[in-house]
Amino acid sequence: MERKEYTYTEKKDTRSGFGDGLTELGKNNENVVALCADLTGSLKMNDFKNNHPERFFQVGIAEANMMGLAAGLTIGGKIPFTGTFANFSTGRVYDQIRQSIAYSHKNVKICASHAGLTLGEDGATHQILEDIGMMKMLPGMTVINPCDYNQTKLAAIALGDHVGPAYLRFGRPKWPIFTPENAKFQIGKGIKFLDGNDISIFATGHMLWQALEAEKILFSLGVSCEVINIHTIKPLDEKIILESIKKTKCAISCEEHNIIGGLGESISRLISEKHPIPFKVIGVNDSFGESGKPLDLLEKYNLNPESIKEAALEVIDKK
Amino acid sequence: MSKNIDDLKNISSQVRRDIVRMVHQVQSGHPGGSLGCTDFLVYLFFNLMKRKDSFDMNGLNEDVFFLSNGHISPVFYSVLSRAGYFDKSELSTFRKLNSRLQGHPATHEGLPGIRVASGSLGQGLSVAVGSALAKKLNKEDNVVYVLMGDGELQEGQIWEAMMYAAHNKVDNIIATIDFNGQQIDGPVDEINSLIDLKDKLESFGWKVYESDGNDFDSLSSTLEKARKNLFNGFPIINIMKTVMGKGVDFMENSHKWHGIPPNDEQLNDALSQNKETLGDY
């Protein structure tokens, strides 16, 4: 694989990718229904609502009820997509998801916007950094955190054919679009963005772009990075991870999430059990977020390309 | 074919035997609420619901039932079995390792008759309303039934679901509240009173009926009246007064039997008060 320098011409929010994916699902699958807890505009669900008012359920500010309604709608063959902020999609309704959806194995797609630090100015009450952990701990729950508008749209569409409970995590800010519109998206299969020999960088969500930016710096320093997108945190694509680290012999992971409970923790378990190598998790270091602009927050919490570069060099040093 | 009151009483007697035997056998489980709701569930499954003989999860073109207060699983399991969803011999596995009859109802092990897990309180009404919405989308004229406890109404999610159903005119649902006035720690009125429940429910936009859940005549006339009021633009709820522990005199009217099993002597006493009518499991 020849090295490619990833660039972008347009920025768009990943939540719009969800909204557009949902619109397409609505046209093609009449069993798809959508529920929203008073955030239709924020979740970009207006098209679906306008196209299929009979299949759209405005539940008001009552997320627990929304999860129960969604579980009930599956009984009768519907495929419900719930929409609210990531915080209210997970922590607020954990027990409802656990009992009525996950344990009951209901075909509910929990779609969560404004995840992570990059929601920005609203601050820590809304910036959930624990949601991946909560969701991945539930047996049978699929957890997906796409990286840009195109991938989020593809992930939403893929969930229409997926059977079982799933959590789809996306965000608020306009973010570079650097994946092709017609890329192949397979739930549970990682995607190699760059081939390299010195270190593996596994990244999910917005942080894939940050990782690709870090790679540019590392490349200029003569470091050859293998960059792999793990959009599906559960089930984890163990094969792509193990193959890569057997070659590069060290790795880092990048996510907009607490270092406890996220992608990095899943990879840590995998490599410590199957192929121990030097490894570092890049994420928020067990703290809450705060108000600020998205990129300023990523910098303050060491999720910027410079911090990724530093971590990569540190890990390579341990080989 | 609908059963007469003597038939229903005979089924209830057998179900009550099943309940006390099940909880006695494993020395755990919840006999009080189970005994109190026996007559309601017997009436529901044997006379009221338009249901298919076999079970499928989607429940298309049939009435469906959700048990929100999942801790009264003994009565649910007994009635499901006696209604033909699985063999009565399986009742002997209640709460044991590798059983489909989990402590609280679950779909995980594939027990026919269960459509959602319950036990963590307050969730069943939302699920039932969601199921009612699916029936509307499917253009079915079948009904969704759901049972909740009165103490369970202390959960906030119940009231979210109440608001939703009335605002959205979910009129293919009949909810029932097991109004026995007891919860684990004591009388509901002492723990966190519902004050005027009928007023509360009416002000939330529900059509309210009241019944005696331990009297088949009352259940029959109330629920038939309620059924005639379906599809009229409002959700329906039945405040059903029951006696916790009904049918076993030393358990009646006391929260103490909410979640404890009888000993050998108490079991024999309980069984002597409920004759074997359909064959013990």
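Residues numbered from 1 in each chain as written. Chains lettered and ligands numbered in written order. Predicted model: local features only at pLDDT ≥ 70, side-chain atom pairs only at ≥ 80, totals over all residues. Heavy atoms only, no water.

## Observations regarding the pattern of salt bridges
Pairing between side chains becomes possible if they bear opposite charge and their charged atoms approach one another. All names here are of chain A. Scanning the model with the defined rule gives 31 salt bridges over all chains in all. Here E238 and K274 are joined by a salt bridge, their closest N and O atoms 2.9 Å apart. Here the residue E238 occupies a position in helix α9 (residues 238–248), and K274 occupies one in helix α10 (residues 263–274), the gap between them amounting to 36 residues. Where salt bridges share partners, they join K192, D195, E226 and K247 into one cluster. (Salt bridge = Lys/Arg side-chain N within 4 Å of Asp/Glu carboxyl O. Helix = DSSP H or I, 4+ residues; strand = E, 2+ residues; numbered from the N terminus.)

## Concerning the interface of chain B and chain A
Facing 29 residues of chain B, the contacting portion of chain A comprises 27 residues. A combined buried area of about 2200 Å² lies between chain B and chain A, and 55% of that area is made up of carbon and sulfur atoms. The interface formed by chain B and chain A contains zero salt bridges. Connecting chain B to chain A are 18 residue pairs in polar contact (both at pLDDT 80 or more). Of all elements in the fold, only α5 (124–137) and α6 (156–167) of chain B reach the threshold of two or more residues within the side of chain B that touches chain A. Considering each element in turn, the side of chain B that touches chain A owes the most residues, eight residues, to α5(B). Classifying every residue of the side of chain B that touches chain A gives 13 nonpolar, 13 polar and three charged. (Contact = heavy atoms within 4.5 Å. Buried area = accessible area lost by both parts, 1.4 Å probe. Polar contact = N/O pair within 3.5 Å; in protein donor to acceptor, adjacent residues only side chain to side chain. Nonpolar A, V, L, I, M, F, W, Y, C, P; charged D, E, K, R; others polar.)

## Things to note about the packing of aromatic side chains
All names here are of chain A. Overall, the coordinates contain 13 aromatic pairs over all chains when judged by the stated rule. Between Y6 and F193 the ring centres are 5.3 Å apart and the planes differ by 50°, which places this aromatic pair in the tilted class. Pair noted here: Y6 is in the segment before β1 (11–13) and F193 is in strand β9 (residues 191–194), with a separation of 187 residues, a long-range link. Owing to a relative accessible area of 7%, F193 belongs among the buried residues under this scheme. (Phe/Tyr/Trp six-rings, centres within 6.5 Å; stacked < 30°, edge-to-face > 60°. Buried < 20%, exposed > 50% of the residue type's maximum accessible area, 1.4 Å probe, protein only.)

## Examining the sheet that holds strand β3 (residues 173–179) of chain B
Residues and elements named next belong to chain B. Read across the sheet, five strands follow the order β1-β2-β3-β7-β6 without closing on themselves; strand pairing throughout is parallel. This sheet does not close on itself; its edge strands, each paired only once, are β1 (64–67) and β6 (207–212). Neighbour to neighbour, the strand axes of the sheet diverge by 20° on average, direction disregarded. Each of β1, β2 (144–149) and β3 is contacted by α5, which is oriented at about 175° to β2, the strand it contacts most. (Pairing = 2+ DSSP bridges. Axes fitted to C-alpha atoms, helices over the stretch in contact; angles between N-to-C directions.)

## With respect to the packing of helix α1 (residues 5–26) of chain B against helix α3 (residues 38–48) of chain B
To describe two helices that pack against each other, one gives the angle between their axes and the distance between the axes. Residues and elements named next belong to chain B. Between α1 and α3, whose axes approach to 9 Å, the crossing angle comes to 125°. Considered as vectors, α1 and α3 are oriented oblique to each other. Here α1 runs over α3; the crossing is right-handed. Residues L8, I11, S12, V15, R16 and I19 of α1 pack against T38, D39, V42, Y43, F46 and N47 of α3. Tallied by class, residues from the contact of α1 with α3 come to seven nonpolar, three polar and two charged. (Parallel < 35°, antiparallel > 145°, perpendicular 65-115°, else oblique. Left-handed = near helix turned anticlockwise from the far one by under 90°.)

## A few points about the sheet that holds strand β4 (residues 79–85) of chain A
Strand pairing in a sheet takes place through backbone hydrogen bonds and is either antiparallel or parallel in direction. Residues and elements named next belong to chain A. In space, the seven strands of this open sheet follow the order β3-β2-β4-β5-β7-β6-β12, with mixed pairing throughout. Every interior strand has two partners, whereas the edge strands, β3 (56–58) and β12 (232–234), have only one. Strand-to-strand, the axes of this sheet are offset by a mean angle of 20°, without reference to chain direction. Bridge analysis of β4 against strand β5 (residues 109–113) gives five bridges, and the strand direction is parallel. Pairing of T84 across the sheet is with A112, part of β5.

## Let's talk about empty space enclosed by the protein
Scanning the model with the defined rule gives three cavities of 30 Å³ or more in all. Put simply, the largest cavity is a space of about 80 Å³. The wall of the largest cavity is formed by 14 residues, among which B:F45, B:M49, B:Y85, B:G113 and B:R115 lie closest to the centre. Going through the elements one at a time, β1 and α4 (73–82) of chain B are the ones with two or more residues in the lining of the largest cavity. Computed from the structure, the second largest cavity encloses a volume of approximately 60 Å³. Considering the residues around the second largest cavity, the lining is formed by A:T14, A:A115, A:N145, A:P146, A:R169, A:F170, A:G171, A:G205, A:H206 and A:E256. The residue makeup of the lining of the second largest cavity, split by class, is three nonpolar, five polar and two charged. The residue makeup of the lining of the second largest cavity includes at least three contributed by each of domain 1 (11–176) and domain 2 (191–317) of chain A. (1 Å grid on protein atoms, 1.4 Å probe; cavity = no way out; pocket = protein on both sides within 12 Å on 5 of 7 lines; lining within 4 Å. Points joined across faces, edges and corners; volume = space filled by probe spheres on them. Domains from an automatic or database assignment.)

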